[in-house]
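Chain by chain, the residues:
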Amino acid sequence: MAIRIIREEGDEILKKRSREVEKIDDKILELIQDMIETMHKLNGVGLAAVQVGVLKRIVVIDIYEEGVPPFILINPEIIKTKGEQTVEEGCLSFPNKFAKVVRPKELVVRALNEKGEKIEIKAKDLLAQAVSHEVDHLNGELFIDKIIPGTLEIVTPEKD
Ligand code: NI
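Keep in mind the model is a prediction, meaning the values are calculated, not measured.

**Here's the deal with the pattern of salt bridges**
The tally for this structure, following the rule as stated, stands at 9 salt bridges. A salt bridge links K97 to E9, with the shortest nitrogen-to-oxygen separation between them at 3.0 Å. Of the two residues, K97 sits in strand β4 (residues 94-112) while E9 sits in the segment before α1 (26-41), which places them 88 residues apart along the sequence. When the shortest N-O distance is used, the salt bridge between D136 and K146 registers 2.7 Å. Highlighted residues: D136 in helix α2 (residues 125-138) and K146 in the loop between α2 and β6 (153-154), separated in sequence by 10 residues. One continuous salt-bridge network, built from bridges that share partners, spans E89, R103, D136, E141 and K146.

Next comes the structure, spelled out in structure tokens:
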């Protein structure tokens, strides 16, 4: 496993659409493990493959709830949404920016897991927010383009 380099604001790859995964081979499995390790290292709630420079429809999410392992979603598709929530949001590709956005309050997402099995997850609150944010990444959509005007906060990083 390895920590991958995060593509940050200004990198044009972030605006590209990712392609479907056709075969879950060893290279994909290694990518997924690296994505989880990278997300954890940076205390992120989610990471899309495009953020480590790979244009494939893969996202990992961890809401850090006890007993809940990271979610691995391959070729995810949001099939239903319900309600709205206005939430504070950030993104590992925009390490110093935070803003409020509107996300679905609840949603249902269909995907494949790392074994290639079809899964369906009902998500709400933080998990729904994370799924919505990460699936947006796969379509080249960034949270910064959908923030509620006037809510952007730019944080100066603390030095170690
Ligand atoms: Ni993001």
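Resuming the write-up.
**Comments concerning the packing of aromatic side chains**
Summed over the entire model, instances satisfying the criterion amount to 1 aromatic pair. Arranged with centres 5.6 Å apart and planes meeting at 80°, the rings of F94 and F143 form a pair that is edge-to-face. Taken together, the residues span a long stretch of sequence, with F94 in strand β4 and F143 in the loop between α2 and β6 at a distance of 49 residues. Across the pair, exposure class does not vary: F94 and F143 are buried alike.

**Focus: a positive patch on the surface**
On the surface, a cluster of positive charge is made up of K16, R19, K27 and K56. Along the chain, K16 turns up in the segment before α1. A residue is classified by how much of its surface remains accessible, and K16, at 45% relative accessible area, is partly exposed.

**As for the coordination of the nickel ion**
Protein coordination at the nickel ion: the donors are C91 (SG), H133 (NE2) and H137 (NE2), at 2.0 to 2.3 Å from the metal. In the primary sequence, the donor residues of the nickel ion line up as C-x41-H-x3-H. In this pair, C91 is assigned in strand β3 (residues 71-91) and H133 in helix α2, connecting sequence segments 42 residues apart. Both residues of the pair, C91 and H133, belong to the buried class.

Procedures and definitions
- Residues numbered from 1 in each chain as written.
- Predicted model: local features only at pLDDT ≥ 70, side-chain atom pairs only at ≥ 80, totals over all residues.
- Heavy atoms only, no water.
- Salt bridge = Lys/Arg side-chain N within 4 Å of Asp/Glu carboxyl O.
- Helix = DSSP H or I, 4+ residues; strand = E, 2+ residues; numbered from the N terminus.
- Phe/Tyr/Trp six-rings, centres within 6.5 Å; stacked < 30°, edge-to-face > 60°.
- Buried < 20%, exposed > 50% of the residue type's maximum accessible area, 1.4 Å probe, protein only.
- Patch = residues over 30% accessible without salt bridge, like charges linked within 9 Å, V, L, I, M, F, W, Y side chains within 5 Å.
- Areas by Shrake-Rupley, 256 points an atom, 1.4 Å probe, with all protein chains shown as cover.
- Lys, Arg positive; Asp, Glu negative; His and termini not counted.
- Charge placed at Lys NZ, Arg CZ, Asp CG, Glu CD.
- Donors = N, O, S within 2.8 Å, 3.2 Å for Na, K, Ca; no water.

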